Amino acid sequence: MSKHIVVDPITRIEGHLRIEAVIDEHNRIVDAYSSSTMFRGIETILKGRDPRDCGLLAMRICGVCTGTHYQRSIEAVEHAFGVTIPKNARIVRNLIQGALYVHDHVVHFYHLHALDWVDIVSALKADPKKAAEEAKKWAKAAGVEPWTDAESAFREVQERVAKFVKQGRLGIFGNGYWGNKHYRLTPEQNLVGVTHYLQALDLQRDAAKMMAIFGGKNPHPQSIVVGGVTCVQDIQNPSRIALFKTLLLKFRKFIKQAYLPDVYMAGTMYAEEALDGTGAGLKSYMTYGDFRLDDTGFYHADLLFPSGIVLDGDLKNPIDFDPEKVTEDVTHSWYRGEGSLHPFDGKTEPDYTGFGRKENGIAYLDTKHKYSWIKAPLYDDKRVEVGPLARMVVGVARGDRRITEYVTRFLKQANLPTKVLFSTVGRTAARAIETELMADVMVEWVDELAANAAAGDLSTWTEFDFDRVSKSAKGYGLAEAPRGALGHWVRIEDGKVANYQAVVPSTWNASPRDAKERMGAYEASLIGTKVADPDQPLEILRTIHSFDPCIACAVHIVDTKGRELGVYRVDTSCST
């Protein structure tokens, strides 16, 4: 007898995500559907605007990856105008984006995903002395000293958590699936995870400060403009660059001494699920590539993350990425239209048809028709996954020296085969591998910026003639957000935006089925998963959270009847 599970909303994410899953008599998932229940109207908002202003509006797509959307939008306009930015601007953009990566990945693991692996209540049973030994053990496996191995630190955290439990103040953790059979860590390992969870809350501020040093503020930085960056004084001031590096080195230490060891610990304890491929899903991966390492211009530079596609887990035959082969399908999405369109020709015309059947007070998705506000992106008529795992898989397939070195070292130290990457555990591990790599490379970039400024190169902006280049043009900003391939596509006519489309990572991963009824990445990743307790679908949360969903990037505000919600006018004039 099959059972229909509804998890709505999936918590600890940005935005509203609904997952419906069908499990068989053995509690294995045999069907799954991913639905976003919010509409994004940014494409409509940007029509008719000056393209140079798009970045400041597009960054409001999300409250997490604000700088990423900002930069992609600016780069789409630069691509349309044929503008190449100066070296300092390239490095500064890399540093702002890199700071977002390390901040976002650490926050994801500890504050959005760790409690899918770590049982907080179990930590109350731990022996703090043994927890300290456990921290040393996994740090040693990573080849580093532990972030903390003091028995007193673990005892203090345990006492704090015990007080919360006694007073009934677990707050957002109050409805956790504590005690679920699919938690694998020992009480001491759980205490280590909870301790690092709390310590990461304080440390994440340092990464936010890094983004603000060159970005001007965080979130929503202000220093990136078409043609370069505006943080001239920060580049000229050695103390600002030195502060960035100091904060980076401290945060990198936590990554190496806490984050990586904790992922080794989780990966080892959940190795059975990694080895059997739980959560693997599509096993086809795509990356646009990102982080230009030289100044040869748009899409010709050497990249930290190479672009490409790996299909069906075939690491021996990577495919070159072609932006002309990206399309979006709306067959099962709440939009009007037929077939799949390239983003330059994309349309955003809402067509909300509602939910389907209703039983026992629960409204279920109309999965045979339209059931999500997210479109279904395709690459060359194929469904693909994007994100840190995609970047690591494509990097290895491409033979990238640096990526291969970091992935190989992680797997060797964890004593795990390459195939574990194709799993929920592997997706989580790939993000940690990428975080260490990024933190190391950023040290090189900040030194490069300091040396360049010291040598007298203070250029930050490339001048261009807007009136000459803006009459009719189109361009795209294709790069990698922390969660995966992000593209902003703009078509300009008579100096104004004629069409704008943003195809974001969670559009790729969280999308519904396409016209051929092929699943999106979230949906495919759940098939075959064993659920220990259908009333506590921890396994569904664990796999979906491993993608680090950001549904707000994919969708936004809605009136289901299509009515205008309001008109606002901002008077920027000043009479005083």
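Whatever comes next refers back to the structure up there.
Quick caveat: nothing in here was measured; it's all calculated off a predicted structure.

Peer 1: I'd like a description of helix α9 (residues 238–269), backed by residues and values.
Peer 2: For α9, built from 32 residues, the straight-helix expectation of 46 Å at 1.5 Å per residue is met to within 8% by its first-to-last C-alpha distance of 45 Å. Helix geometry: α9 is bent most strongly at Ile255, by close to 35°.

Peer 1: Describe the sheet that holds strand β10 (residues 326–329), and please don't skip the residues or the numbers.
Peer 2: With respect to topology, three strands assemble into an open sheet ordered β11-β10-β14, the strand pairing being antiparallel. The open sheet has two edge strands, β11 (340–341) and β14 (376–379), and neither has a second partner. Direction of pairing for β10 relative to β11: antiparallel, over a ladder of two bridges. Opposite Glu328, over in β11, you have Leu341 as the bridge partner.

Peer 1: With reference to specific residues and values, describe the environment of Leu437.
Peer 2: Here Leu437 is to be found in helix α13 (residues 424–454). Judged by relative accessible area, which is 0%, Leu437 ranks as buried. Spatially, the C-alpha atom of Leu437 lies 9.9 Å from that of Leu304, the residues being 133 residues apart in sequence. The residues touching Leu437, leaving out its near neighbours within four places in the chain, are Leu304, Phe305, Arg402, Ile403 and Tyr406.

Peer 1: Account for the pattern of salt bridges, with residues named and values stated.
Peer 2: Within the structure shown, the criterion is met by 41 salt bridges. The salt bridge partner of Arg18 is Glu20, with a shortest N-O separation of 2.8 Å. The two residues Arg18 and Glu20 agree in class, both being buried. Across the salt bridge formed by Glu436 and Arg409, the nearest N and O atoms sit 3.6 Å from each other. A residue pair is termed long-range when its members are at least 10 positions apart, and Glu436 in helix α13 and Arg409 in helix α12 (residues 401–414) qualify at 27 residues. Residue classification places Glu436 among the buried positions, given a relative accessible area of 14%. Here the salt bridges share partners, and the residues they tie into one network are Arg252, Lys256, Arg401, Glu405, Arg409, Glu436 and Asp440.

Peer 1: Can you break down the nonpolar core residue by residue, with the values?
Peer 2: For soluble globular proteins, the rule of thumb is that nonpolar side chains tend to be buried together. Ranked by size, the top nonpolar core spans 130 residues in total, and within it Phe81 and Phe214 carry the most contacts. Broken down by element, the residue count for this core peaks at 15 residues, all from α13. Among all residues touching Phe81, those that are not within four sequence positions of it are Pro51, Val226, Phe464, Phe466, Val469, Ser470 and Ile492. Counting residues in each nonpolar core, the second largest holds 23 residues, with Met519, Ala524, Ile540 and Ile544 among its members.

Peer 1: Just give me the short version of the packing of aromatic side chains, but keep the residues and values in it.
Peer 2: Overall, the coordinates contain 29 aromatic pairs when judged by the stated rule. On the numbers, 5.9 Å between centres and 40° between planes, the contact of Phe81 with Phe464 is tilted. With Phe81 in helix α3 (residues 66–81) and Phe464 in the loop between α13 and α14 (466–469), the pair connects residues that are 383 residues apart, well separated along the chain. Each member of the pair, Phe81 as well as Phe464, carries the same accessibility label: buried. Relative to Phe254, the ring of Trp147 has its centre 5.1 Å away and its plane inclined at 90°; by these criteria the two rings are edge-to-face. Linking Trp147 in the loop between α5 (128–141) and α6 (151–166) with Phe254 in helix α9, this pair joins segments that are 107 residues apart in sequence. With a relative accessible area of 24%, Trp147 lands in the partly exposed category. In this structure an aromatic cluster arises from ring pairing among Phe109, Tyr110, Trp147, Phe254 and Tyr259. When the ring centre of Tyr364 is taken as reference, the NZ or CZ atom of Arg357 above it lies at 4.3 Å. If you follow Arg391 out to its NZ or CZ, it ends over the ring of Phe305, 5.5 Å from the centre.

About the cut-offs
- Residues numbered from 1 in each chain as written.
- Predicted model: local features only at pLDDT ≥ 70, side-chain atom pairs only at ≥ 80, totals over all residues.
- Heavy atoms only, no water.
- Helix = DSSP H or I, 4+ residues; strand = E, 2+ residues; numbered from the N terminus.
- Expected span 1.5 Å × (residues − 1).
- Bend = angle between axes of the 7 residues up to and from the residue.
- Pairing = 2+ DSSP bridges.
- Buried < 20%, exposed > 50% of the residue type's maximum accessible area, 1.4 Å probe, protein only.
- Contact = heavy atoms within 4.5 Å.
- Salt bridge = Lys/Arg side-chain N within 4 Å of Asp/Glu carboxyl O.
- Core = buried A, V, L, I, M, F, W, Y, C linked by side-chain atoms within 4.5 Å.
- Phe/Tyr/Trp six-rings, centres within 6.5 Å; stacked < 30°, edge-to-face > 60°.
- Lys NZ or Arg CZ within 6 Å of the ring centre and 35° of its normal.

Everything listed is a geometric property; what it means functionally is a separate question.
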